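Below are the chains, spelled out letter by letter.
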Amino acid sequence: MHTFFLKLYYFFRRQKAVGFFLLALFVGVNGYFASKITLEEDVTKLIPTGEKQDVLREVLEHTEFSDKLIIAVSSEEKDPEELTRYANQLTDSLHSQIPGYFTKIQGKVPEAGVLEVYDFVYQNLPLFLNEKNYAEIENRLEVDSIQDRLEKSYKNLISPTGFVTKNFIFKDPLSITNLGLEKLRELQVDTNFKIYNNYLITKNEQHLLLFITPKYPSSETKNNQIFIQELDKIISNLNKNPKVNAQYFGGVLYAIANANQIKKDIQITLSIAFSILFLLLIVFYRKFYVPLLLFIPSVLGALLAIGVLYLTKSSVSAISLGIGAILLGISLDYALHILTHFRNNANVKVLYKEVAKPILMSSFTTAIAFLCLLFLKSEALNDLGIFAAVSVVTASVFALLLIPHFYRAPKDPKKIRSNWLDKIASYRFYERKFFVAGVVLLFIGGLFFFNSVRFNEDLSQLNYEPKNIKEVEENIKNISKKAANTTYLVSYGKDIEEALEQNNELYRELQLLKNTNKIENFSSIGGVVLSTQSQNEKIETWRDFWTKTKKEKLKENLLKESAKLGFKQESFNRFYEQLDKDFSGIFLDDYRNVKTLYLDDFINRSPGFSTVTSTLSFNEMQSGVLEQLEKKGNVIAIDRKQMNQDFLGNLKNEFNRLILFSVIAVFIVLLFFYRSLLLSLLTLLPIAVTWVIALGLMAIFEIQFNVLNIIISTFIFGLGLDYSIFITNACLKEYETGKKALATYQASILLSVLTTLLGIGALIFAKHPALQSVSIVSVIGIITAMIVAFVFQTKLFQILLFKRRENGRAALGFRAFFKRNTSKERLYFKQKLLANYRYKSVYKNAKNEFSKQRERFLITSEFVEPGEHVFLQNTYLGLLPLFLFLKNQHTFFQVFDSDKENLKISKNSFSASSENLKFQKNIPSQFTGISVFIITKNPEAIIAETLREAIKKNAEKVIILTSDYNSRWLIDHNFEIIYRQNNILILKRMS
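Below, the structure is looked at part by part. (Residues numbered from 1 in each chain as written. Predicted model: local features only at pLDDT ≥ 70, side-chain atom pairs only at ≥ 80, totals over all residues. Heavy atoms only, no water.)

Some details on the overall build of the protein chain
Across its full length, the protein chain holds 37 helices and 20 strands. The proportion of buried residues among the 991 residues of the protein chain is 52%. Of the accessible surface of the protein chain, which amounts to about 47100 Å², a share of 55% is contributed by carbon and sulfur atoms. (Helix = DSSP H or I, 4+ residues; strand = E, 2+ residues; numbered from the N terminus. Buried < 20%, exposed > 50% of the residue type's maximum accessible area, 1.4 Å probe, protein only. Areas by Shrake-Rupley, 256 points an atom, 1.4 Å probe, with all protein chains shown as cover.)

Here's the deal with empty space enclosed by the protein
To find leftover empty space, one rolls a probe the size of a water molecule over the atoms. Counting across every chain of the model gives 3 cavities of 30 Å³ or more. Within this model, the largest cavity holds a volume of roughly 80 Å³. Secondary-structure elements contributing two or more residues to the lining of the largest cavity are helix H27 (677–700), helix H28 (709–737) and helix H30 (769–806). Take the lining of the largest cavity: its biggest share by element is 6 residues, from H27. A per-class count over the lining of the largest cavity returns 10 nonpolar, 3 polar and no charged. (1 Å grid on protein atoms, 1.4 Å probe; cavity = no way out; pocket = protein on both sides within 12 Å on 5 of 7 lines; lining within 4 Å. Points joined across faces, edges and corners; volume = space filled by probe spheres on them. Nonpolar A, V, L, I, M, F, W, Y, C, P; charged D, E, K, R; others polar.)

Re the environment of leucine 751
Within the secondary structure layout, leucine 751 lies in helix H29 (residues 742–759). Relative accessible area serves as the criterion here: at 0%, leucine 751 is assigned to the buried category. Along the chain, leucine 751 and threonine 340 lie 411 residues apart, while their C-alpha atoms are 8.9 Å from each other. Once residues lying within four places of it in the same chain are set aside, the contact partners of leucine 751 are Leu281, Phe284, Tyr285, Leu336, Thr340 and Leu421. (Contact = heavy atoms within 4.5 Å.)

Quick word on the pattern of salt bridges
According to the stated counting rule, one finds 14 salt bridges in the structure shown. Glutamate 138 is paired through a salt bridge with lysine 550; the nearest N and O atoms lie 3.2 Å apart. Within this pair, whereas glutamate 138 is found in helix H6 (residues 131–140), its partner lysine 550 is found in helix H21 (residues 548–564), the two being separated by 412 residues in sequence. A salt bridge links glutamate 354 to lysine 733; its shortest N-O distance comes to 1.8 Å. (Salt bridge = Lys/Arg side-chain N within 4 Å of Asp/Glu carboxyl O.)

Observations concerning the side chain of asparagine 902
Among the structural elements, asparagine 902 can be located in helix H35 (residues 900–907). On the accessibility criterion, asparagine 902 (10% relative accessible area) is buried. Separated by 2.8 Å, the side chains of asparagine 902 and aspartate 897 make a polar contact. For asparagine 902, the contacting residues outside a window of four places in its chain are Asn874, Thr875, Tyr876, Leu877, Gly878 and Asp897. (Polar contact = N/O pair within 3.5 Å; in protein donor to acceptor, adjacent residues only side chain to side chain.)

Considerations on the pairing of strand E17 (residues 932–935)
Within a regular strand, side chains alternate between the sheet's two faces. Burial of E17 is two-sided: the residues Val932 and Ile934 facing one way and the residues Phe933 and Ile935 facing the other way are all buried. Sheet topology places strand E14 (residues 869–873) next to E17; 3 bridges connect them, and they run parallel. Each bridged residue has a counterpart across the sheet, and for valine 870 the counterpart in E17 is valine 932. By the bridge criterion, 4 bridges tie E17 to strand E18 (residues 957–960) in an arrangement that is parallel. The partner of isoleucine 935 across the bridge, within E18, is isoleucine 960. After leaving E17, the chain enters helix H36 (residues 941–954) and then returns to the sheet as E18, a path that is right-handed. (Pairing = 2+ DSSP bridges. Right-handed = clockwise from strand over helix to strand, strands pointing away.)

Some details on the layout of surface pockets
Empty space within the second largest pocket amounts to approximately 1900 Å³. In terms of lining residues, the second largest pocket is bounded by 47 residues, among which Lys357, Glu736, Lys840, Ser841 and Val842 are the most central. Those elements that place two or more of their residues in the lining of the second largest pocket are helix H1 (2–14), helix H14 (348–371), helix H26 (651–674), H27, H28, helix H33 (843–861) and H35. Of the residues forming the lining of the second largest pocket, the biggest block, 8 residues, is contributed by H14. Here the lining of the second largest pocket is built from residues that sort into 21 nonpolar, 9 polar and 17 charged.

Notes on the sheet that holds strand E16 (residues 917–920)
Taken in spatial order, the 7 strands of this open sheet run E16-E15-E14-E17-E18-E20-E19, and their pairing is mixed. With one partner strand each, in any of the chains shown, E16 and strand E19 (975–981) form the two edges of the open sheet. Looking at each pair of strands side by side, their axes are set apart by 15° on average, direction ignored. Across the sheet, helix H34 (residues 879–887) touches E14, strand E15 (892–896), E16 and E17, and the angle it forms with E16 is around 165°. (Axes fitted to C-alpha atoms, helices over the stretch in contact; angles between N-to-C directions.)

Comments concerning helix H22 (residues 573–580)
Looking only at H22, the buried set comprises Phe575, Tyr576, Gln578 and Leu579. Across the axial projection of H22, the buried residues extend over an arc of 155°, all falling on one side. Across H22 from its buried face, at more than 90 degrees, point the exposed residues Glu577 and Asp580. (Arc of directions from axis to C-beta.)

A few points about the packing of H1 against H14
Between H1 and H14, the least distance of the axes is 8 Å, while the angle of their chain directions is 125°. The orientation of H1 with respect to H14, classified from their angle, is oblique. In this structure, the crossing between H1 and H14 has a hand that is right-handed. Residue-level inspection shows His2, Phe5, Leu6, Tyr9 and Tyr10 of H1 in contact with H14, the latter providing Val348, Lys349, Tyr352, Lys353, Ala356 and Leu360. Broken down by class, the residue content of the contact of H1 with H14 amounts to 8 nonpolar, 1 polar and 2 charged. (Parallel < 35°, antiparallel > 145°, perpendicular 65-115°, else oblique. Left-handed = near helix turned anticlockwise from the far one by under 90°.)

Here's the deal with unusual backbone geometry
Trans peptide bonds make up the majority, and among non-glycine residues the majority have a negative phi. Despite not being glycine, glutamate 205 shows a phi value in the positive range, around 60°. Structurally, glutamate 205 is set in the loop between strand E5 (199–202) and strand E6 (207–214). With a phi close to 70°, tyrosine 839 is a non-glycine residue in the positive phi region. Looking at the secondary structure, you find tyrosine 839 in the loop between helix H32 (830–834) and H33. Here tyrosine 839 falls in the buried class, since its relative accessible area comes to 11%.

Notes on the side chain of serine 911
Note that serine 911 resides in the loop between H35 and E16. Once you skip the residues sitting within four places of it in the chain, serine 911 turns out to touch Asn836, Leu882, Phe885, Leu886 and Leu917.

Quick look at the packing of aromatic side chains
As enumerated under the stated definition, the model contains 34 aromatic pairs in all. Ring geometry for phenylalanine 342 and tyrosine 407: centres 5.9 Å apart, planes at 55°, overall tilted. With a gap of 65 residues between them, phenylalanine 342 in helix H13 (residues 318–344) and tyrosine 407 in the loop between helix H15 (379–406) and helix H16 (420–425) connect regions that are remote in the sequence. Of the two residues examined, phenylalanine 342 and tyrosine 407, each falls in the buried class. An aromatic cluster is defined as three or more aromatic residues linked by ring pairs; in this entry it consists of Phe4, Phe5, Tyr9, Tyr10 and Tyr352. Positioned over the ring face of tyrosine 576 is lysine 555, at 5.1 Å from the centre of the ring. (Phe/Tyr/Trp six-rings, centres within 6.5 Å; stacked < 30°, edge-to-face > 60°. Lys NZ or Arg CZ within 6 Å of the ring centre and 35° of its normal.)

Some thoughts on a nonpolar patch on the surface
Taken together, the side chains of Val440, Ile444, Leu447, Phe448, Phe449, Ile700 and Phe701 define a hydrophobic patch exposed on the protein surface, amounting to about 720 Å² of accessible area. Tallying contributions element by element places helix H17 (residues 433–449) first for the nonpolar patch, with 5 residues. When you line up the elements, leucine 447 lands in helix H17. (Patch = residues over 30% accessible without salt bridge, like charges linked within 9 Å, V, L, I, M, F, W, Y side chains within 5 Å.)

Quick word on the packing of H29 against H30
Packed helices, taken two at a time, are described by their axes: the angle between them and the distance between them. The N-to-C vectors of H29 and H30 enclose an angle of 170°; their axes lie 10 Å apart at closest approach. By the angle between their axes, H29 is roughly antiparallel relative to H30. Where H29 abuts H30, its residues Leu742, Gln746, Ile749, Leu750, Val753, Thr756 and Leu757 lie against Val779, Ile782, Ile783, Met786, Phe790 and Thr794. Partitioned by chemical class, the residues of the contact of H29 with H30 number 10 nonpolar, 3 polar and no charged.

Focus: the nonpolar core
Counting residues in each nonpolar core, the largest one holds 111 residues, and the members touching the most others are Tyr285, Tyr407, Phe705 and Phe790. Sorting elements by how many residues they give to this core places H28 first, with 16 residues. Those residues in contact with phenylalanine 790, other than ones at most four positions away along the chain, are Phe429, Tyr430, Ile727, Gln746, Ile749 and Leu750. Among the nonpolar cores identified, the runner-up in size contains 42 residues, and Phe128, Tyr134, Phe583 and Val612 belong to it. (Core = buried A, V, L, I, M, F, W, Y, C linked by side-chain atoms within 4.5 Å.)

Section: the environment of leucine 125
Among the secondary structure elements, leucine 125 is positioned in the loop between helix H5 (113–123) and H6. For leucine 125, a relative accessible area of 2% gives the class buried. It is 9.2 Å that separates the C-alpha atoms of leucine 125 and leucine 179, two residues lying 54 residues apart in sequence.

This is the structure we're talking about:
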């Protein structure tokens, strides 16, 4: 793996022009695609989908619940004239100064509004009557009732207001239209208001309310901020009137406050954090360009990721890119690891050999973890998974390719002055009982608490709510006396007819609930705007009621009783025509043409999906009522708490599945790279310990998960996994070569922790709750991951590998539990021999070499007697001396090897801890007591001469395992051949 990158390094070293051209081409192509991508700002795409969630999302797209601005005009004394005068000035100013920033102003009823509504109900009277109304009409048909109404009508006609009321009396002497008008009261859920000078004011005449619909949605904060600034100027100018003042509130204000606070927090905290970070990196590496070099691989990775998203989707969630930008801290780590190793060892070959595998392992396992986000039914999280996975893998590859070219490593690493970070990194925390006991206690404590972490489903708590806006909101709620538990109910369908039909059924259910006192009040157009089917049923009921006999009797009684009061015979002709009228159904647009009904606030029509909205209020929230209403079909409740539960109810389960998929996928990747079950578990186990401790700390300090920080938990998982992989590789390197490597790996991890804490951790000082939430969870997770890696994971390696080697035992392996001491094993000691190479990079090579040489080794062992002192040249990886020692542990072996790497591996085998097996790098000056010499290869001239003299003087037996060695001189010195076969030559000195 490392040889591939080494070849690329040398190629681009020779062909710099090609390298720069390819880099420029990469940036140009991906920069072009990235510039074409469309960003989507829909926050609901962050939420995992489901049948109910999909409907809820579509309903929210087609309805408006929080975009309106409510303006409350107030006076300390009762002064409705001043209130309405102020309102007129305000609406005139809005229309003249900023007409382009709102679509309508509600709260004023036009002069002709009352007559318009009356005429509309009169012209379509059957549609506004119910069974109760017909029972009342039946009572009014009685003679005494007709007589009483006519007398009251006569008195009204001769009064000063008679010129106004006469049209109503002649058109409808029984006041049947008024029964229909009562239906319109159901459009108002609050009875605390009345009409004065055509404005909506409270009954105490101290407050007037206006409702403004902004032109731009809440998410477009740039345009809305201009609108609010201009509105502020207008209201501030009008508030100079000492008698009256106005204040306003709406979701737009929170959106602007949130956007401004997020920008402010990020600018302040990250500017400070990155300034400190740049200084830290410059001081540590003593290079001014290093901070810039660190970010290049991350930027290139992000560029390719956005390009891939453009080619596959053409649009991407802005939220996923925002979170992904935070997660680029992971890809920054790869550059940090490479730089730290290169700083401590300027040899490129050694660099690639040490870091290529762990860097690629880290990036691939992290990418696999992020790709598991594709299993979640959330478009934004799917985008995040693709973005993060592509960016981290690309960043790791570019870090391996670019940093060795651009970073000027110190020529002599030994001359580098160590700093405080190096001193901390060189400390072996696992050797201190205090640290080990601390981690164990934290883990045990975490086991008791980690299940207690709560998930906060209230999205509103992620909003920044300035005190002044909150106070105004509470004031306006008090003015409107808005019920504490008001819920929207949305009936929906594929077209408006289906939605209206469903709403009509909902209306009947709401009436029943109100009559049984299960709800306090409701507002619905269900009694006003009817589906075609319901209209036809109403008209049919009207026809059935007004039989020919009933109409003739009513006419007779009216004529008789009205004549007594002096009414003309033709006075009520229009009423008779009304009774004989052939009514027909009306269309939705006919309803909407009556402007004072404001039906557009209740109805939304879109191709393929339409909604009708109702509201209801409770004295106390009753979730059972909402569930009952939703079971009716095509009805969904839009209550803040209920909506959050519907949106986020499955999010915890979804992320539990995500963690499970991630663990399985990462475990498979670790098995692929390490080819060892134990190493894979030792790398993955610290992640589990980190989670238990981190969750335990969150539970103790009452820190809750929410929709944002639970996503960042994927980031912590990725970073913790990186730390585990690097610690595993550091321990394996020390186990294989005996060279102290942990300090370098711990230094790179410490730098990673510091950079991450300075980046995300700095947001803990932000005022915005969402940023604070993300930062707190990240800080806890990252610090816990580092501590667990430095203490717990290294302690496991010490117990399972290092201590066992010191005690002359093989590193723990699962095969040992299933090993059988067969006759073949007793003959060859294969498993016991190869156990010396278990968990080492040379294991596969050692296994293959032993399979080739084991017969020769076995023959050689037969000529070594117990108690003899044997000198031999080291064979490949020390296989022969280790085998001979295992076959006869009472024989003393002195092994010479001039190959440093070969010698390191041999000396660090557990069998080498025995006093009877010594590996050394220098040829002995004295061969006293050595009687057997084993020559495995043709030695160098100087060594050959030394060996010849030693053999002449001390040897009783010489074993030659190479045909390259000239052995004729041994015959001349009284040695005879006792075995020659399989390229093995054994000679013995004659008596």
